[in-house]
Amino acid sequence: MKGTAIRKLPTGVPGFDDVLGGGIPEFSFNLIAGGPGCGKTTLAHQIMFANATPERKALYFSVVGEPPLKMLRYQQQYSFFDAAKVSDSSIEFVHLGQQALDGGLEEVLKSIVDKVETVSPQLVMVDSFRAVVRRSHDGGPLATLQLQDFMQRLALQLTSYEATTFLLGEYADGEQDSAVFTVADGIVWLHQATDRNSVVRKMQVIKMRGQGQIPGLHTMRISDEGLGVFPRILKPEEKISENSLVRKLSTGVPALDEMMDGGVPKGYSVLVAGPSGSGKTVLSNQFILEGIEHGEPGIIGVFEKRPNDYLQTTPRGREFERMVRDKKLEIIYLRPLDLSIDETLVALREAVLRTGAKRAVIDSLSGLELALAPTFRQDFRESLYRMIGALTGLDLTVMATVELADSYIDLRFSPQGVAFLTDAIIVQRYVEIDSQLRRVMGVVKVRASQHSKELREYEITPDGEFAIGKPLRGYGGILTGAPLPVKAEKE
């Protein structure tokens, strides 16, 4: 017998429905848990305002916490808050502080059931049920039995009235409450962690019965719009095409295309590694401009400068300004406090969907790493792996720059050992020849391609173009930074 599909309620929280597997199951009994200040009340309000209507009423019970007037004073600052839904009784706030003091759990349960019978709401919020337990007893077996009885009776009553319910409870990380966890259909845990001088909020869906939620911790941010969640991975169906070697894209530098055996294969990720001032940004600019000139819109994610500063300092700034006005190019500045890779990926993905971009530049990975909250830097390689895979999965060809300190005792192509994550690597170096500082570059790898192994000298012209010369011959030890003529080496 084929089962009946469960209707799901949208949460109104960007990214949260994706994490849940499509939304909150209707008529479910759920727990929103976490420590103080982590966003439980704001999350509950956001869900409630997204779903409440005159036909689908919502009840918000506050128990021992702050009274409704004080709570609404702060909640109305968010853009999701709709005063009309309060005035037309789509949402009704009920304070049960006196009932909790006089009769404890029993009186609270009776008041909730009586109100639900009168209003017949589709949404019920109880904030915070744990406060009743603390006021009634100092713990022990009696409190545990009373809580278990309260939870089972509350779940039974509200489910029988076909209400989707959310209990809000203050729990420390790792704290277990078998009475609540067993009865709840869904458990959403909010975390707030302090690392050095940064504060990071995360969300985890511990369980959601009958749904395939995305596992793990997901970054969360509270802004003027309310909560926003940034899932750890994109949904597989968002992939548009797989990598292909059939079509190769020009970098905008003919000599470099030749070195790469015809250009960058469509859908590849390219890492441009080099020291400060070596021309990484200039090369990435030409890559983007070349695409736009051939009908391929582009995006640039910057982390070290604001868009206006970036346009003023890049040699191709005027061309970029024109292309931004023509909506062929979008420059995304990603430097909020305590940034996460997932937040970065969501911003880049939204820009791709807005512009129809086919090429993307990340300038630079070094700046991205510094912009991340300290807790995310520990997982930089794993996060970068997910980000590059998600971007190329959106049919983008990606070029990322990375700062690489010149070292003449070892040969490295990226800090943090992230070079293996990309499909192609272009390395830039400084060398001293005849008491002059010169630039050389080489193609380290292009997967499934017969790329050049030559090292070539290059210059950046006054017009901001990347000009590559002939192979640098007649010298040995070029990568040492102080090459010698081949004849001199033999003597």
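Keep in mind the model is a prediction, meaning the values are calculated, not measured. (Residues numbered from 1 in each chain as written. Predicted model: local features only at pLDDT ≥ 70, side-chain atom pairs only at ≥ 80, totals over all residues. Heavy atoms only, no water.)

J.: Is there a simple way to explain the packing of helix α10 (residues 280–293) against helix α12 (residues 317–325) in this structure?
T.: How two helices sit against one another is set out by the angle between their axes and by the gap between those axes. With their axes 12 Å apart at the nearest point, α10 and α12 run at an angle of 40 degrees to one another. When the interaxial angle is binned, α10 and α12 end up oblique. In the packing of α10 onto α12, the handedness of the crossing is left-handed. Facing Asn285, Ile288, Leu289 and Ile292 of α10, the residues of α12 in contact are Glu319, Phe320 and Met323. Looking at the contact of α10 with α12 residue by residue, the class counts come to five nonpolar, one polar and one charged. (Axes fitted to C-alpha atoms, helices over the stretch in contact; angles between N-to-C directions. Helix = DSSP H or I, 4+ residues; strand = E, 2+ residues; numbered from the N terminus. Parallel < 35°, antiparallel > 145°, perpendicular 65-115°, else oblique. Left-handed = near helix turned anticlockwise from the far one by under 90°. Contact = heavy atoms within 4.5 Å. Nonpolar A, V, L, I, M, F, W, Y, C, P; charged D, E, K, R; others polar.)

J.: It is not clear to me how the sheet that holds strand β19 (residues 424–433) should be interpreted in this structure. Could you clarify?
T.: Paired through their backbone hydrogen bonds, the strands of a sheet run either parallel or antiparallel. Ordered by their spatial adjacency, nine strands build an open sheet running β16-β15-β17-β18-β14-β19-β20-β21-β22, and the pairing between neighbours is mixed. Looking at which strands have only one partner, the edges of the open sheet turn out to be β16 (329–333) and β22 (466–471). Strand-to-strand, the axes of this sheet are offset by a mean angle of 25 degrees, without reference to chain direction. Inspection of the sheet shows strand β14 (residues 269–274) paired to β19 by four bridges, in the parallel sense. Its bridge partner lying in β19, Val270 is registered against Ala424. Sheet contacts for helix α13 (residues 341–355): β15 (298–302), β16 and β17 (359–363); angle to β16, the most-contacted strand, approximately 165 degrees. (Pairing = 2+ DSSP bridges.)

J.: Sorry, what's going on with the pairing of strand β7 (residues 164–170) here?
T.: Summarising burial for β7: six of the seven residues are buried, a large majority. Across six bridges, strand β3 (residues 29–34) lies against β7 in parallel orientation. Residue pairing across strands places Leu31 opposite Leu167, the latter belonging to β7. When strand β6 (residues 123–127) meets β7, the two strands line up parallel, connected through five bridges. Residue pairing for β7: Val126 is matched across the bridge by Leu167. (Buried < 20%, exposed > 50% of the residue type's maximum accessible area, 1.4 Å probe, protein only.)

J.: Hey, could you run me through the nonpolar core in this one?
T.: Across soluble globular proteins, you tend to see nonpolar side chains buried next to one another. Of all hydrophobic cores here, the largest spans 38 residues; its most connected members are Leu368 and Leu384. Looking at this core, the elements that each hand over two or more residues are β14, α13, β17, α14 (365–371), α16 (380–393) and β18 (397–403). With near-sequence residues (within four places) excluded, Leu384 lies in contact with Leu365, Leu368, Val418 and Leu421. In this structure, Leu9, Leu72, Phe81 and Ile91 belong to the second largest nonpolar core, which totals 35 residues. (Core = buried A, V, L, I, M, F, W, Y, C linked by side-chain atoms within 4.5 Å.)

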